[in-house]
Amino acid sequence: MQIKTYTANSMKDILSQIKSELGSDAVILSKREITDKTFGLTAKPLIEVTAAVDFDAGISGYYPKTPRVSSGAPEPALPAFSAPSAEHLAEGITELKDMIKELIAHSGMKLHENNPLRKKLLSRGIRPNIVDVLLTKLGAGAKESAVRNLLCKLIKTEEPKTSRVWVFVGTTGVGKTTTIAKIAAGGVLNHRRKVGLITLDTYRIGAVDQGRIYAKILNIPFTSVSSVSEFRTALGKMGSLDLVLVDTVGRSALCGDYIPHLREHLDGIDPCTFLLMPVATRDSEMDAITRTFSGLDIHRMIFTKADEAIHSGSVITHNLIHRIPVSYITTGQRVPEDIEKASSSTIVHRCLGDRI
Ligand SMILES: Nc1nc2c(ncn2[C@@H]2O[C@H](COP(=O)(O)OP(=O)(O)OP(=O)(O)O)[C@@H](O)[C@H]2O)c(=O)[nH]1
Ligand SMILES: [Mg+2]
């Protein structure tokens, strides 16, 4: 008899390991779910299965899979094969059905499909597998207050990284220039900081004028640059300022040379780089955009246009999957009012409202 214990995320994986290592004669002795004590939110709960195979006696009249080493002596006669009885077959079918049920049960959705909290969380735009992991962590009887508390603990928000140069990147029209104006105004008006503005956006018609007008209103230095060396020179000239905000060209992240081109500008500067993303962006788009921009070091997220989003669960999903801390959320077109510092409780509140 050989007994072995297997651990994996899915019953399917375990069954295939058992089959390849112990053969198809193996029987399952026990199965249990192991609580994931790590912080891995995206990890499925682990399943532990103990299986055994009886090499000596065979099981249910079957023969061992392992070939016997020939000793030269004549092989003993094999027992005659007898067809399994109807009762035996019925038992086998029931066993198979149970295994299939278990496989389905481990797909999270089935585990929680009757939980009303699941429907409510999904209706707020949180991705189904995230909802299922949250509910699995909290247990079947979880109250909505427990979900809020857990989310407040999990969502990562942080002040911008300490750096004199803040760079704002994102796809076209996400609110980079407007957000820069809001932050610049906040720095100048509320904190009396010396702020400067550089734009790398000489591509879009009107982009330079847009930056220049904001700079003029705030009475701060402004320059537009169109090469890496001009950028370095401009940074040097603004060396005495507390904060230099860098606007970047609004182009599709899918443009082949876009990210390498930006990276060239940022090499050796050690800026705080913000990725801006409208809250209403589709989940899968958020993932793709984030992956594309990860070619730069993204230090913080700014979620924009929260006022235009019907559901904001995407912010929670993005945060729990990508783990990039959120620094700001923008909430409208008004400069400088429509921006708030992010905190996990405001994100949860914004996504879930007063009551789920
Ligand atoms: N509703 C809403 N609109 C916003 C917000 N932030 C910016 N906008 C609007 O979005 C539009 C685009 O904003 P920009 O700041 O020009 O966006 P951008 O990313 O600099 O655009 P490009 O430079 O062309 O890539 C403007 O009409 C802004 O007024 C916001 O928080 N809420
Ligand atoms: Mg712009």
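Read on for a plain summary of the structure. (Residues numbered from 1 in each chain as written. Chains lettered and ligands numbered in written order. Predicted model: local features only at pLDDT ≥ 70, side-chain atom pairs only at ≥ 80, totals over all residues. Heavy atoms only, no water.)

Details of the overall build of the chain
Item 1. What the chain contains, in helices and strands, is 13 helices and eleven strands.
Item 2. The proportion of buried residues among the 356 residues of the chain is 43%.
Item 3. Summarising the internal contacts of the chain: among those between residues at least 6 apart in sequence, 73% fall at separations of at least 24.
Item 4. Roughly 19,400 Å² of accessible area belongs to the chain as shown, and the carbon and sulfur atoms make up 54% of that amount. (Helix = DSSP H or I, 4+ residues; strand = E, 2+ residues; numbered from the N terminus. Buried < 20%, exposed > 50% of the residue type's maximum accessible area, 1.4 Å probe, protein only. Contact = heavy atoms within 4.5 Å. Areas by Shrake-Rupley, 256 points an atom, 1.4 Å probe, with all protein chains shown as cover.)

Digging into the environment of Gly175
Item 1. One can find Gly175 in the loop between strand 4 (165-169) and helix 7 (176-190).
Item 2. For Gly175, a relative accessible area of 17% corresponds to the buried category.
Item 3. Once the C-alpha coordinates of Gly175 and Gly250 are considered, the two residues, 75 residues apart in sequence, prove to be 9.5 Å apart.

As for the pairing of strand 4
Item 1. For strand 4, the buried fraction is high: five of the five residues fall into the buried class.
Item 2. Neither face of strand 4 is left uncovered, since the one carrying Val165, Val167 and Val169 and the one carrying Trp166 and Phe168 both have all their residues buried.
Item 3. Pairing of strand 4 with strand 7 (residues 243-247) involves four bridges; the strand directions are parallel. Among the inter-strand pairings, Val167 is bridged to a residue of strand 7, identified as Val246.
Item 4. Inspection of the sheet shows strand 4 paired to strand 8 (residues 272-278) by four bridges, in the parallel sense. (Pairing = 2+ DSSP bridges.)

A word on the pattern of salt bridges
Item 1. Applying the stated criterion to the full structure yields ten salt bridges.
Item 2. For Glu159, the salt bridge is made with Lys341, and the minimal N-O distance between the two is 3.6 Å. One end of the pair, Glu159, is in the loop between helix 6 (144-154) and strand 4; the other, Lys341, is in strand 11 (residues 339-341), with 182 residues separating them in the sequence. With respect to burial, Glu159 and Lys341 carry one shared label: exposed.
Item 3. A salt bridge links Asp338 to Arg334; its shortest N-O distance comes to 2.8 Å.
Item 4. The network of salt bridges with common partners includes Arg127, Asp283 and Asp287. (Salt bridge = Lys/Arg side-chain N within 4 Å of Asp/Glu carboxyl O.)

Regarding the sheet that holds strand 11
Item 1. In space, the eight strands of this open sheet follow the order 6-5-7-4-8-9-10-11, with mixed pairing throughout. With one partner strand each, in any of the chains shown, strand 6 (222-224) and strand 11 form the two edges of the open sheet. For this sheet the average axis-to-axis angle between neighbouring strands, irrespective of direction, equals 20°.
Item 2. For strand 8 and strand 9 (residues 300-304), the ladder comprises five bridges, and the chain directions are parallel. Each bridged residue has a counterpart across the sheet, and for Phe274 the counterpart in strand 9 is Arg300. (Axes fitted to C-alpha atoms, helices over the stretch in contact; angles between N-to-C directions.)

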